Amino acid sequence: DVKVTQSSRYLVKRTGEKVFLECVQDMDHENMFWYRQDPGLGLRLIYFSYDVKMKEKGDIPEGYSVSREKKERFSLILESASTNQTSMYLCASSDRGSAGELFFGEGSRLTVL
Amino acid sequence: AQSVTQPDIHITVSEGASLELRCNYSYGATPYLFWYVQSPGQGLQLLLKYFSGDTLVQGIKGFEAEFKRSQSSFNLRKPSVHWSDAAEYFCAVGARNNFNKFYFGSGTKLNVKP
């Protein structure tokens with residue numbers, strides 16, 4: 001069964017802390033994505049990566065960075081967490097040649113106090 | 001600008017009743033079209049997708065959707081809803097020339113009455 005695994009389902013952090021969200025996929029997909037999900041706003045793309053060490057900004061990259069050192073792993077980093085980054089974060093992956101289907105992890109719900 | 005609109009934020013239907021969830025998109029060309037479902041506390045799962053060909057597509061769990069180019073719509077339907085269908089449903093469009101680009105609607109929450 002194909003799988004995208006987000007290591008932390010629930011996190012509570014304090015304002016100013018550095019936060020790492022980890023995502024691992026076992027499908028050998030080239031593309032990986034980080035989305036943010038907020039009620040009424042749907043999914044908004046933060047960053048995506050189309051290859052190891054390659055990344056591109058999505059629609060809302062401010063306050064976030066990413067790292068992709070290995071093909072299977074894509075990390076989202078909040079350098080200095082703020083309360084407005086309290087949200088559900090979804091990782092996804094896709095095969096470059098498959099014209100689109102995204103495979104999602106179960107999400108990481110982050111609360112910043 | 002590209003966008004996806006799901007006009008219904010919440011819908012409640014009785015178990016056994018039919019269901020239609022609306023999706024309209026704005027896109028410069030014919031996009032790839034998707035419906036995803038998110039059960040509580042879970043990630044999104046693909047229900048169905050349209051790339052080309054027959055405009056009526058069948059998906060998992062008894063769902064189907066119809067692409068209507070003239071209306072820029074891709075509505076999701078199910079003839080008889082089950083209690084387990086209660087979830088949030090997202091419509092999405094993808095760019096044909098850029099497999100990394102997707103646009104999601106804001107979602108429709110489905111409640112199912114016994």
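See the structure above.
Procedures and definitions
- Residues numbered from 1 in each chain as written.
- Chains lettered and ligands numbered in written order.
- Predicted model: local features only at pLDDT ≥ 70, side-chain atom pairs only at ≥ 80, totals over all residues.
- Heavy atoms only, no water.
- Helix = DSSP H or I, 4+ residues; strand = E, 2+ residues; numbered from the N terminus.
- Rg over C-alpha atoms; globule rule 2.2 N^0.38 Å.
- Buried < 20%, exposed > 50% of the residue type's maximum accessible area, 1.4 Å probe, protein only.
- Areas by Shrake-Rupley, 256 points an atom, 1.4 Å probe, with all protein chains shown as cover.
- Lys, Arg positive; Asp, Glu negative; His and termini not counted.
- Charge placed at Lys NZ, Arg CZ, Asp CG, Glu CD.
- Disulfide = S-S within 2.5 Å.
- Salt bridge = Lys/Arg side-chain N within 4 Å of Asp/Glu carboxyl O.

Scanning chain A from N- to C-terminus turns up zero helices and 11 strands. Put simply, chain A runs from its N terminus to its C terminus through helices and strands in the order β-β-β-β-β-β-β-β-β-β-β. In terms of overall size, chain A behaves like a compact globule, its C-alpha atoms giving a radius of gyration of 13 Å where 113 residues would be expected to give roughly 13 Å. The principal-axis extent of the C-alpha atoms belonging to chain A is close to 40 × 30 × 25 Å. Across the 113 residues in chain A, those meeting the buried criterion constitute 50%. Accessible surface, chain A: about 5400 Å² in total, of which carbon and sulfur atoms supply 49%. Taken together, the 16 basic and 17 acidic charged side chains of chain A have centroids lying 6 Å from each other.

What follows concerns the state of the cysteines. Counting across every chain of the model gives two disulfides over all chains. In this model cysteine 23 of chain A forms its disulfide with cysteine 91 of chain A; the gap between the sulfur atoms is 1.9 Å. Because the sign of the S-S torsion sets the handedness, a value of about -75 degrees for the bond joining cysteine 23 of chain A and cysteine 91 of chain A places this disulfide among the left-handed ones. In this pair, cysteine 23 of chain A sits in strand S3 (residues 19-25) while cysteine 91 of chain A sits in strand S9 (residues 87-94), placing the two residues 68 residues apart along the sequence. Each sulfur in the disulfide pair cysteine 23 of chain B and cysteine 91 of chain B lies 2.0 Å from the other.

Take the pattern of salt bridges next. Residues and elements named next belong to chain A. Using the criterion set out here, one finds 12 salt bridges over all chains in the structure. Across the salt bridge formed by aspartate 38 and arginine 36, the nearest N and O atoms sit 2.8 Å from each other. A salt bridge links aspartate 38 to arginine 44, with the nearest nitrogen and oxygen atoms 2.7 Å apart. Using a relative accessible area of 12% as the deciding quantity, one classes aspartate 38 as buried.

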